[in-house]
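Tertiary structure, described
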Amino acid sequence: MRRGGVALAAAIMGILAVPGHAQNAGDATFTRVALPADFAKGFKLYDKVDKPDRKIVRYLYINPQALAAVKPGEPFPDGTILVMADHDVALEAGGTPIKGADGRLQPTQRLRAIAVMEKRAGWGETNLFPTDKDNGDWEYASFKADGAPNPIKLDNCYACHLPQKGLDFTFSGQKIYDLKK
Ligand code: HEC
């Protein structure tokens, strides 16, 4: 039953999907979100979040077209793409993260993983999730360090971001609003 439902929904979405967008097989959650090719150069880096326990620094980016249209306190514009790139940090010989004079972790250029959320009108209506689990029109995707799609279940993305509804399902949205002050 579930398989049939997924296949049907995937077929419907195949029609709606933008050509070239990733389509996952098996147990992975279907997603229409692709990795923006040039995000590290073309997107605005709006925050860096140290995660000492995971030995990464998360670089947070937004696409410039969306940033131009952001209105502080309001839901993000249609077409917003947020990229979270996890960078490995520099380690001491023993594996302890090295901290800079400012107490911050020292990110390397080596990526561990990339997470993307993208908002498109109608995506909430046409995804596989029941309305009470939807994150508005946001859809999520996970990518490996080399940019290849990471075909995993994405339920946890939706579930953990859902309580952030007041910030349009983002955690770091205030940092983006702050850029517009
Ligand atoms: C357990 C909770 C949790 C889960 C699960 C989770 N996130 Fe997040 N996400 C966060 C938090 C917290 C942040 C803010 C950065 C930080 O502190 O790590 C964040 C930030 C982000 C951002 C930057 C924009 C924002 O909301 O601030 C993106 C993009 C993102 N997550 C995508 C994903 C994707 C894709 C998945 C699933 C593969 C996912 N997240 C799963 C908690 C979660």
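Just above, that's the structure.
Reference entry: report on the structure contained in this document. (Residues numbered from 1 in each chain as written. Predicted model: local features only at pLDDT ≥ 70, side-chain atom pairs only at ≥ 80, totals over all residues. Heavy atoms only, no water.)

1. Side note on the site of the ligand
Taken together, 19 residues are adjacent to the ligand, and R58, C157, C160, H161 and S172 come closest. A distance of 2.7 Å is found between an oxygen atom of the ligand and a side-chain nitrogen or oxygen belonging to R58. S172 places a polar side-chain atom, nitrogen or oxygen, 2.5 Å from an oxygen atom of the ligand. Mapped onto the shell around the ligand, the elements with two or more residues apiece are β1 (44-51), β2 (56-62), β3 (81-89), β4 (107-119), β5 (138-144) and α5 (155-161). Element by element, the count of residues in the shell around the ligand is highest for α5, at 4 residues. Residue composition of the shell around the ligand, by class: 13 nonpolar, 4 polar and 2 charged. (Near = heavy atom within 4 Å. Polar contact = N/O pair within 3.5 Å; in protein donor to acceptor, adjacent residues only side chain to side chain. Helix = DSSP H or I, 4+ residues; strand = E, 2+ residues; numbered from the N terminus. Nonpolar A, V, L, I, M, F, W, Y, C, P; charged D, E, K, R; others polar.)

2. With respect to the coordination of the iron atom of the ligand
Among protein residues, the single donor to the iron atom of the ligand is H161 (NE2), with a metal-donor distance of 2.2 Å. In this structure, H161 sits in helix α5. (Donors = N, O, S within 2.8 Å, 3.2 Å for Na, K, Ca; no water.)

3. A closer look at the packing of aromatic side chains
In this structure the tally under the stated criterion is 6 aromatic pairs. Where Y140 meets Y158, the ring centres are 4.8 Å apart and the plane angle is 65 degrees; that geometry is what we call edge-to-face. Taken together, the residues span a long stretch of sequence, with Y140 in strand β5 and Y158 in helix α5 at a distance of 18 residues. Neither residue differs from the other here; Y140 and Y158 are each classed as buried. In textbook terms, an aromatic cluster arises when at least three aromatic residues are bridged by ring pairs, as seen for F39, Y59 and Y61. (Phe/Tyr/Trp six-rings, centres within 6.5 Å; stacked < 30°, edge-to-face > 60°. Buried < 20%, exposed > 50% of the residue type's maximum accessible area, 1.4 Å probe, protein only.)

4. Section: the sheet that holds β2
With respect to topology, 5 strands assemble into an open sheet ordered β1-β2-β3-β4-β5, the strand pairing being antiparallel. Here the strands that pair on one side only, and so sit at the sheet edges, are β1 and β5. Shown here is a sheet whose adjacent strand axes are inclined to one another by a mean of 20 degrees, direction ignored. As defined by bridge partners, β4 adjoins β5 across 7 bridges and the pair is classed as antiparallel. Each bridged residue has a counterpart across the sheet, and for I114 the counterpart in β5 is F143. (Pairing = 2+ DSSP bridges. Axes fitted to C-alpha atoms, helices over the stretch in contact; angles between N-to-C directions.)

5. Digging into the pattern of salt bridges
Summed over the entire model, instances satisfying the criterion amount to 8 salt bridges. In this structure, R32 engages E139 in a salt bridge whose closest nitrogen and oxygen atoms are separated by 2.6 Å. Of the two residues, R32 is situated in the loop between α1 (2-16) and α2 (39-42) and E139 in strand β5; the sequence distance between them amounts to 107 residues. For the residue pair R32 and E139, the accessibility class agrees, reading buried in each case. (Salt bridge = Lys/Arg side-chain N within 4 Å of Asp/Glu carboxyl O.)

6. Observations concerning the environment of L179
Summarising the element assignment, L179 is placed in helix α6 (residues 173-179). Among the residues examined, L179 registers a relative accessible area of 37% and is labelled partly exposed. It is 8.7 Å that separates the C-alpha atoms of L179 and L67, two residues lying 112 residues apart in sequence. Not counting chain neighbours up to four residues away, the residues in contact with L179 comprise K44, Y46 and L67. (Contact = heavy atoms within 4.5 Å.)

7. Some remarks on the side chain of R58
Inspection of the secondary structure puts R58 in strand β2. A relative accessible area of 16% places R58 in the buried class. Within the structure, R58 has its side chain in polar contact with the side chain of D86 (distance 2.9 Å). Apart from the residues within four sequence positions on either side, R58 is in contact with D47, K48, V49, K51, M84, A85 and D86.

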